[in-house]
Amino acid sequence: FFEQVAKNVEIGVSALEGVKGAAYDRVVLNAAITDHLLGCDGASDLQIAIERAKEAIDSGRALAHLNNYIKASHKVCIELKQTIMDKPKIIDFS
């Protein structure tokens, strides 16, 4: 199971690094359709949305956003864990 997850992560990151292929095409199409369906500015035309998705990936912006999201998520998890560890445990024996 974990080997397949690791392989899928590798494929996804490779696509976000701009490596062309089926995974890249799926990421571009998914991003474009999502922007289009959400009504994002400039994405009302699906072809333009596709070009914008390609540009975000090829420029490295998409991967940078993912990395920032991962860092922020880790920070929140660490802070949450610390908050939980710092709170005294109340045990109700009633």
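On a predicted model such as this, the values are computed, not experimentally measured, just so you know.

Reading the values: the criteria
- Residues numbered from 1 in each chain as written.
- Predicted model: local features only at pLDDT ≥ 70, side-chain atom pairs only at ≥ 80, totals over all residues.
- Heavy atoms only, no water.
- Helix = DSSP H or I, 4+ residues; strand = E, 2+ residues; numbered from the N terminus.
- Rg over C-alpha atoms; globule rule 2.2 N^0.38 Å.
- Buried < 20%, exposed > 50% of the residue type's maximum accessible area, 1.4 Å probe, protein only.
- Contact = heavy atoms within 4.5 Å.
- Lys, Arg positive; Asp, Glu negative; His and termini not counted.
- Charge placed at Lys NZ, Arg CZ, Asp CG, Glu CD.
- Core = buried A, V, L, I, M, F, W, Y, C linked by side-chain atoms within 4.5 Å.
- Phe/Tyr/Trp six-rings, centres within 6.5 Å; stacked < 30°, edge-to-face > 60°.
- Expected span 1.5 Å × (residues − 1).
- Arc of directions from axis to C-beta.
- Polar contact = N/O pair within 3.5 Å; in protein donor to acceptor, adjacent residues only side chain to side chain.

Observations regarding the overall build of the protein chain
For the protein chain, the count of helices and strands is four helices and zero strands. Listed N to C, the secondary structure of the protein chain is α-α-α-α in terms of helices and strands. Relative to a compact globule of 94 residues, whose C-alpha radius of gyration would be 12 Å, the protein chain shows 19 Å and is clearly more extended. In the protein chain, which comprises 94 residues, the share counted as buried stands at 15%. Pairs at least 24 residues apart make up 38% of the contacts formed inside the protein chain by residues separated by at least 6 positions. Positive and negative charge centroids in the protein chain, built from 11 and 13 side chains respectively, lie 5 Å apart.

A short note on the nonpolar core
A15, L16, A23, Y24, V28, A32, A43, A49, I50, A53, I57 and L63 together form the largest nonpolar core, which totals 12 residues. Those elements that place two or more of their residues in this core are α1 (2-16), α2 (22-38) and α3 (46-58). Setting aside residues up to four positions removed in sequence, I57 forms contacts with A15, L16, G18, Y24, V27, V28 and A62.

Quick notes on the packing of aromatic side chains
Counted according to the given criterion, the structure contains one aromatic pair. Summarising the aromatic geometry, the rings of F1 and F2 are spaced 5.2 Å apart at their centres and angled 75 degrees between planes, so their arrangement reads as edge-to-face. Pair check on accessibility: F1 and F2 agree, each one exposed.

A look at α3
Counted at 1.5 Å a residue, the expected span for α3 with its 13 residues is 18 Å, and the 18 Å between its end C-alpha atoms agrees. Those residues of α3 lying buried are A49, I50, A53, A56 and I57. The arc enclosing the buried residues of α3, seen along the axis, measures out at 125 degrees, which places them on a common side. Tucked inside the fold, the buried residues of α3 contact α1, α2 and α4 (61-86). At the N-terminal end of α3, a side-chain oxygen is found 2.8 Å from the backbone nitrogen of Q47, two or three residues along, and the residue is D45. Where α3 ends, the next residue or the one after it, G60, has phi of about 95 degrees, a positive value.

Here we look at α1
The first and last C-alpha atoms of α1 sit 21 Å apart over 15 residues, in line with the 21 Å expected at 1.5 Å per residue. Of the residues one or two after α1, G18 is the one with positive phi, at around 95 degrees.

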